[in-house]
Amino acid sequence: LICCYRKPKTKRAKRFLEKREPKLKENTKNAMLIKGGNANLTVTEVLKDIYAVKKPFAVLYKKKNITRPFEDQTSLEFFSKKSDCSLFLFGSHNKKRPNNLVIGRMFDYHVLDMIELGVEKFVSLKDVKNSKCPEGTKPMLIFAGDVFDVNEEYRRLKSLLIDFFRGPSVPSIRLAGLEYVLHFTAVDGKIYMRSYKVLLKKSGCKIPRIELEEMGPSLDLVMRRTHLASDDLYKLSLKQPKALKPKKKKNISHDVFGTTYGRIHMQKQDLGKLQTRKMKGLKKRPAEKSAEDGGAGPKKSKSG
């Protein structure tokens, strides 16, 4: 067999390959935004606004790519491997499916699942004249609607949207950094996406008064075609390495409030030999000592 793997010839190429190697804690997922061969102005503006929201963890392809994700996925897989992106958003437009968006994700550089959405109404970032959040702000995601928990397709769409917009994992949260909200509402067969900026105003106490100001973009979407992974493949994609699983500790339990309880095993103690604080008032008299020793009297001193 001829090995097709080529060793890196430069240190730069070596660092590039090491960056893409599997890790215990994976990097933040990047998304690629691709414009179809027949994309119109609305789809182009949607892709630009989603790119502005997703930056810096996104790649926007400005050239048109003639491909159909539900018929042929090779071009998406090629771009995924080229740009090291595990998420994608493809925009297209035709008479049968106007203002079309396909959102999906990859597993091992192969399409895992994707969902087709139609844009019925769109308000861009430019149309809303309010102040914007700085680039790279991590959003707070809110999902409203029982259908997100009942219907399997909507449940998978919720998982896709969380993967797409969640941003980097952070160890701690700063109150002033919670300034961006993405709200998704599913009702009457439609999905409403709204984005708000959080304003912290004075309230006369330590806790500030919170107001939401619409920032854009806003989308009214309807679900069209779906391509969902099988249950076995979906479980395989969620599998975590053993090193990341928390080790079980003996004799430690947690209650519903997260309080940790520990059980300690000790040998039986003889409380009669317990050392206490020495005090003159607790000092034993000679008669008590003789009674404890079995009634033997005090020894007489030898005469000279």
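Data block above holds the structure.
Please read these numbers as outputs of a predicted model, since none were measured by experiment. Every chain is numbered independently, its residues counted from 1 as its sequence is written. Local features in this predicted model are restricted to residues whose pLDDT is 70 or higher, and side-chain atom pairs enter the listing and the counts only when it is 80 or higher, whereas totals over whole chains, interfaces and linings include all residues. Side-chain numbers here rest on the full set of heavy atoms in the structure, without hydrogens or water.

(A) Representation of the pattern of salt bridges within the structure. The term salt bridge refers to a side-chain nitrogen of Lys or Arg lying within 4 Å of a carboxyl oxygen of Asp or Glu. According to the stated counting rule, one finds 15 salt bridges in the structure shown. For the salt bridge of D163 with R105, the shortest nitrogen-to-oxygen distance reads 2.9 Å. Here D163, found in helix α5 (residues 152-165), pairs with R105, found in strand β4 (residues 100-107); they are 58 residues apart in sequence, far enough to count as distant. A single burial state applies to D163 and to R105, both of which are buried. In this structure, a network of salt bridges that share partners links the residues K29, R105, D113, E152, R155, R156 and D163. Elements are defined by DSSP. Helices are runs of H or I of four residues or more, strands are runs of E of two residues or more, and each kind is numbered from the N terminus. Accessible area is worked out with a 1.4 Å probe on protein chains only. A residue is then buried under 20% of its type maximum, exposed over 50%, and partly exposed in between.

(B) Layout of the packing of aromatic side chains. Only centres within 6.5 Å qualify two rings of Phe, Tyr or Trp (six-membered ring in Trp) as a pair; their planes then separate them into stacked at under 30 degrees, edge-to-face at over 60, and tilted for everything else. On inspection of all chains with the given rule, the structure shows seven aromatic pairs. Their ring planes at 50° and their centres at 5.0 Å tell us that Y61 and F79 sit as a pair that is tilted. With Y61 in strand β2 (residues 58-65) and F79 in helix α3 (residues 74-83), this pair connects stretches of sequence that are 18 residues apart. Ring centres 5.2 Å apart and planes at 15° place the aromatic pair F143 and F184 in the stacked group. With F143 in strand β6 (residues 140-144) and F184 in strand β7 (residues 180-187), this residue pair connects regions lying 41 residues apart in the sequence. Three or more aromatic residues link up through ring pairs in this structure, and these residues are F143, F148, Y154, F164, F165 and F184. Over the aromatic face of F164 sits the side chain of K54, whose NZ or CZ is 5.5 Å from the ring centroid. We call a charge positioned above a ring when the Lys NZ or Arg CZ atom is no farther than 6 Å from the ring centre and deviates by at most 35 degrees from the ring normal.

(C) Region of the structure containing the nonpolar core. What is meant by a nonpolar core is a set of buried Ala, Val, Leu, Ile, Met, Phe, Trp, Tyr and Cys residues, joined one to another through side-chain atoms within 4.5 Å. Ranked by size, the top nonpolar core spans 35 residues in total, and within it I50, L89, I103, F164, F165 and L219 carry the most contacts. Whether two residues touch is decided by their heavy atoms; if any such pair falls within 4.5 Å, the residues are in contact. Not counting residues within four places of it along the chain, the set of residues in contact with L219 comprises V46, I50, V119, K121, F122, I191, Y192, M193 and R194.

(D) Just the pairing of β7, in detail. DSSP-based pairing: two strands are paired if at least 2 bridges between them are found. As paired strands, β6 and β7 are joined by five bridges and run parallel to one another. For L141, the partnering residue across the bridge sits in β7 and is L182. Sheet topology places β7 next to strand β8 (residues 190-201); eight bridges connect them, and they run antiparallel. Paired with Y180 across the two strands is K197, which belongs to β8. Connecting β7 to the next strand, β8, in antiparallel fashion are two residues, including D188 with a positive phi near 55°.

(E) Examining the environment of T137 more closely. By the secondary structure assignment, T137 is in the loop between β5 (110-123) and β6. A relative accessible area of 14% places T137 in the buried class. Residues within four places of T137 in sequence aside, it is in contact with G177, E179 and Y180. Two N or O atoms count as a polar contact when they lie within 3.5 Å, although within protein this holds only if one can serve as hydrogen donor and the other as acceptor, and sequence-adjacent residues are included solely when both atoms are side-chain atoms. Looking at T137, its side chain comes within polar contact range of the main-chain oxygen of P134, at 2.6 Å.

(F) A look at α5. Helix length check: α5, at 14 residues, gives a terminal C-alpha distance of 20 Å against a target of 20 Å (1.5 Å per residue), a fit within 8%. All of the buried residues in α5 are Y154, R156, L157, L160, L161, D163, F164 and F165. Downstream of α5 by a residue or two, G167 has a phi angle that is positive, lying close to 80°. What a helix is expected to span follows from its residue count: subtract one and scale by 1.5 Å.

(G) The packing of helix α2 (residues 41-54) against α5, seen in detail. With their axes 10 Å apart at the nearest point, α2 and α5 run at an angle of 65° to one another. Note on element contacts: α5 touches α2 through D163, F164 and F165, opposite I50, V53 and K54. Only Asp, Glu, Lys and Arg are considered charged, only Ala, Val, Leu, Ile, Met, Phe, Trp, Tyr, Cys and Pro nonpolar, and every remaining residue, Gly among them, polar. Here the residues of the contact of α2 with α5 are counted per class, giving four nonpolar, no polar and two charged. In this description, a line fitted to the C-alpha atoms serves as the axis of each element, helices being fitted only across the stretch in contact, and the angle between N-to-C directions of two axes falls anywhere from 0 to 180 degrees.

(H) Quick peek at unusual backbone geometry. In the segment running from K55 into P56, the intervening peptide bond is cis, with an omega of 5°. You can see P56 is positioned in the loop between α2 and β2. Residues G216 and P217 are joined by a peptide bond in cis, for which omega reads 0°. Mapped onto the elements of the fold, P217 is located in the loop between β9 (209-214) and β10 (218-227). The phi dihedral of D84 falls on the positive side, at around 55°, and the residue is not glycine. With respect to the secondary-structure elements, D84 resides in the loop between α3 and β3 (87-92). Taking relative accessible area as the criterion, D84 reaches 27% and is therefore assigned partly exposed. For D188, which is not glycine, the phi torsion reads 55° and is therefore positive.

(I) Examining the environment of L41 more closely. Relative to the helices and strands, L41 resides in helix α2. It is 29 Å that separates the C-alpha atoms of L41 and E153, two residues lying 112 residues apart in sequence.

(J) Representation of the pairing of β4. In terms of burial, β4 is largely enclosed, as seven of its eight residues are buried. Alignment of β3 against β4, held across six bridges, turns out to be antiparallel. Each bridged residue has a counterpart across the sheet, and for G91 the counterpart in β4 is L101. Turn length for the β4-β5 hairpin, with the two strands adjacent in sequence and antiparallel, is two residues, and the turn residue D108 shows positive phi of about 60°.

Everything listed here is a matter of coordinates, which is why it stays silent on function.
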